[in-house]
Amino acid sequence: MSLSPASQLVIRNIDQFEEGNWLVINADDAGLFPALQAFSLTALHQFFDVFCQATGRNSAAQFDSRDVCEEPQAIHITAENGQHKHVFAPYLNNAEATDVLLFLPKAKAHLSMLMAMAANLVGNNGRVHVVGENKGGIKSAGKTMQQFGAVQKLDSARHCSWVTCEVSNAPGSFSLHDWTAIDTYTLNEHEWQVCSLPGVFSHRELDAGTELLLSKLSKTMSGSVLDFACGAGVIASYLLSGGARIQAELLDVSALALWCSAHTLEQNGSQGNIIAADTLNGVTHRFQTIVTNPPFHTGVKTDYRITREFIAGAKQRLTSNGKLYLVANRFLPYAELLDEQFKQPATLAQNTRFSVYFAQN
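Residues numbered from 1 in each chain as written. Predicted model: local features only at pLDDT ≥ 70, side-chain atom pairs only at ≥ 80, totals over all residues. Heavy atoms only, no water.

A. Summary view of the overall build of the protein. For the protein, the count of helices and strands is eleven helices and 20 strands. For the protein, whose C-alpha radius of gyration is 21 Å, the value lies close to the compact-globule estimate of 21 Å for 361 residues. Projected onto the principal axes, the alpha-carbon positions of the protein cover approximately 60 × 40 × 40 Å. The contacts in the protein between residues at least 6 apart in sequence include a share of 66% that link residues at least 24 apart. Of the roughly 15500 Å² that the protein leaves accessible, carbon and sulfur atoms contribute 43%. The positive charge centre, built from 26 side chains, and the negative charge centre, built from 33, are 8 Å apart in the protein. (Helix = DSSP H or I, 4+ residues; strand = E, 2+ residues; numbered from the N terminus. Rg over C-alpha atoms; globule rule 2.2 N^0.38 Å. Contact = heavy atoms within 4.5 Å. Areas by Shrake-Rupley, 256 points an atom, 1.4 Å probe, with all protein chains shown as cover. Lys, Arg positive; Asp, Glu negative; His and termini not counted. Charge placed at Lys NZ, Arg CZ, Asp CG, Glu CD.)

B. Main features of the sheet that holds strand E20 (residues 354-360). Taking strand neighbours across the sheet as the criterion, the eight strands line up as E3-E14-E13-E12-E15-E18-E20-E19 in an open arrangement whose pairing is mixed. The two strands at the open ends of the sheet, each matched to only one other strand, are strand E3 (61-64) and strand E19 (346-350). Strand-to-strand twist of the sheet, defined as the mean angle between neighbouring strand axes without regard to direction, takes the value 20°. Sheet topology note: the strand E13 (residues 245-252)/strand E14 (residues 273-276) ladder contains four bridges and is parallel. Following the sheet pairing, Glu-249 is matched in E14 by Asn-273. Against the sheet, helix H8 (residues 234-241) makes contact with strand E12 (222-228), E13 and strand E15 (287-292), and its axis sits at roughly 170° relative to E13, the strand it touches most. Sheet contacts for helix H10 (residues 305-317): E12, E15 and strand E18 (318-329); angle to E18, the most-contacted strand, approximately 160°. (Pairing = 2+ DSSP bridges. Axes fitted to C-alpha atoms, helices over the stretch in contact; angles between N-to-C directions.)

C. Just the packing of aromatic side chains, in detail. Per the counting criterion, the structure on display carries ten aromatic pairs. With a centroid separation of 4.9 Å and an interplanar angle of 70°, the aromatic rings of Phe-48 and Phe-88 are classed as edge-to-face. Placement of the pair is Phe-48 in helix H3 (residues 48-55) and Phe-88 in strand E5 (residues 84-88), with a sequence separation of 40 residues. Residue class for Phe-88 comes out buried when judged on its relative accessible area of 0%. Between Tyr-325 and Phe-358, the ring centres sit 5.1 Å apart and the planes meet at 55°, which makes this aromatic pair tilted. Taken together, the residues Tyr-325 in strand E18 and Phe-358 in strand E20 connect sequence positions 33 residues apart. As far as the burial class goes, Tyr-325 and Phe-358 line up, both buried. What links up through ring pairs into an aromatic cluster is the set Phe-17, Trp-22, Phe-39 and Trp-162. (Phe/Tyr/Trp six-rings, centres within 6.5 Å; stacked < 30°, edge-to-face > 60°. Buried < 20%, exposed > 50% of the residue type's maximum accessible area, 1.4 Å probe, protein only.)

D. How the structure looks around the pattern of salt bridges. For the coordinates displayed, the defined rule picks out four salt bridges. Between Asp-155 and Arg-12 there is a salt bridge; the shortest N-O distance is 2.5 Å. You can see Asp-155 sitting in strand E8 (residues 149-157) and its partner Arg-12 sitting in helix H1 (residues 5-12), a full 143 residues away along the chain. When its relative accessible area of 14% is taken as the criterion, Asp-155 is described as buried. Linking Asp-64 and Arg-66 is a salt bridge whose minimum nitrogen-to-oxygen distance equals 2.7 Å. Judged by relative accessible area, which is 23%, Asp-64 ranks as partly exposed. (Salt bridge = Lys/Arg side-chain N within 4 Å of Asp/Glu carboxyl O.)

E. Up close: the environment of Ala-255. For Ala-255, the location among the structural elements is in helix H9 (residues 255-267). Owing to a relative accessible area of 0%, Ala-255 belongs among the buried residues under this scheme. Setting aside residues up to four positions removed in sequence, Ala-255 forms contacts with Gln-46, Ile-75, Phe-88, Ala-89 and Pro-90.

F. Representation of the sheet that holds strand E4 (residues 77-81) in the model. Spatially, eight strands are ordered E4-E5-E2-E1-E6-E7-E9-E8 in an open sheet, and the strand pairing comes out mixed. The open sheet is flanked by E4 and E8, the only strands paired with a single partner. Between one strand axis and the next, the sheet turns through 20° on average, direction left out of account. Both strand E1 (residues 22-25) and strand E2 (residues 41-45) contribute to a ladder of four bridges, which runs parallel.

G. Molecular detail of the side chain of Asn-120. Along the chain, Asn-120 turns up in helix H5 (residues 108-122). At 3.5 Å, the side chain of Asn-120 and the backbone oxygen of Gly-172 are in polar contact. In this structure Asn-120 touches Pro-171, Gly-172, Ser-173 and Phe-174, once residues within four positions along its chain are discounted. (Polar contact = N/O pair within 3.5 Å; in protein donor to acceptor, adjacent residues only side chain to side chain.)

H. How the structure looks around a negative patch on the surface. Among the surface-exposed residues, Asp-67, Glu-70, Glu-71 and Glu-266 lie close enough to one another that they form a single negatively charged patch. Mapped onto the secondary structure, Glu-71 falls in the loop between helix H4 (65-70) and E4. (Patch = residues over 30% accessible without salt bridge, like charges linked within 9 Å, V, L, I, M, F, W, Y side chains within 5 Å.)

I. Structural view of the packing of H10 against helix H11 (residues 334-341). Two numbers describe how H10 lies on H11: the axes approach to 9 Å, and their chain directions differ by 30°. It follows that H10 is roughly parallel to H11 by the angle criterion. With respect to the hand of their crossing, H10 and H11 are arranged in right-handed fashion. Here Thr-307, Arg-308, Ile-311, Ala-312 and Lys-315 of H10 lie close against H11, whose contacting residues are Tyr-334, Leu-337, Leu-338 and Gln-341. Among the residues making up the contact of H10 with H11, the classes are represented as five nonpolar, two polar and two charged. (Parallel < 35°, antiparallel > 145°, perpendicular 65-115°, else oblique. Left-handed = near helix turned anticlockwise from the far one by under 90°. Nonpolar A, V, L, I, M, F, W, Y, C, P; charged D, E, K, R; others polar.)

Encoded structure:
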C-alpha cells in the first residue's frame, strides 16, 4: 500500500513516537498504522473509510438520529488492532494523550476546531502536531496553532511539513455545540433549519447544486428514501419538513456530517436512520428513492471513485422501479457512468454549472 506524502513524512520522523502517549487524528491513509505497529497509540477517525481500512471492518454502522441527539457519544465505534486503538467518532472528550498528531484538513475552520479539541485533550505542557502538504495549506497552519502556544517546524519533506505546538494556553473544555451553526435555509418560500460544523459539506450555506436538485424533488415523495453523502442533512430535512411522507435514511462517510444530520432532523421536528458507510459498502437493504449530491474531492484532489462506486452500487440498492436523483458539476462524467448502469437516464435540469440526473431501475 503506497503511503501519502504526509504519511511518508510521519514515518521519516518515527522516532517521535518513542516517548509520550500519542493520539493520531484523521490519518489520511490506513497504511500508516502498520508502519507504527511497534508503538502503542490511539487513532481518532472522523472518516469511516479509513477507520474500516485500518480495522478490517466491512459493515456499515447505523444509529437512530434521536439517540445521537440525546447521547453525546452515540456515534462512537472502537476497534483494537495490535497496540492500536481505533475510534470512529465526531470527537473525543477524554484521552490520556501527551501528544496529538493531526493530519491537516481541507478547511481552515475544521483545523481550528480540531486544534481546540486537541489542545484541550493534552492540556498545558502537552504537544499538538500538524502534518500536511504545502499545497493543502500547511504553511499557514501555524497561525491557527499559535493561539495555543509556541509553534515551530519539526521537519519538511515530500512537499509536506510537520509543525509542532507546545501547548501553554489550553482551553478548559471542548464541545461540538460551541462550533455548531444553526441557519435557516429558504427555497420556494419553504424555510427549514440546518445544523452544520466546520469540515462538513456546504457549511453555513445552501450549496447551489443541492438547491437545483431540491427544486426538482416532489414534496409528495413517499417510501424509503436514502440521502446519500448527506452532509448536514439538507436534502432529507427539506423533504421531511416540507411534508413528504418518507422513511429517511441519511448516509455519509463523515462522523461530523452524521452528527450534524441528526441535529438538523431534530431542529425540524423529524427523525431518521443515520448510516456510517464508505460509499454503499455494507448497506444491505433497498430503497425506493436515492437522492444525492455526491462528493468528487478527496482532500484537495479530484476523485471520481466515490461516485463511480456509488452509481454501480445504487442499482443494486434500489427496489424494482426505484428512482435515483443525482446532481453534479456539468464537467464531471456522471452521465456516462449512469448510462453504464441504467436504461435511458435523463437530465431533469441544467444550468451553467450543474446538471440534475434521473435514473430508474
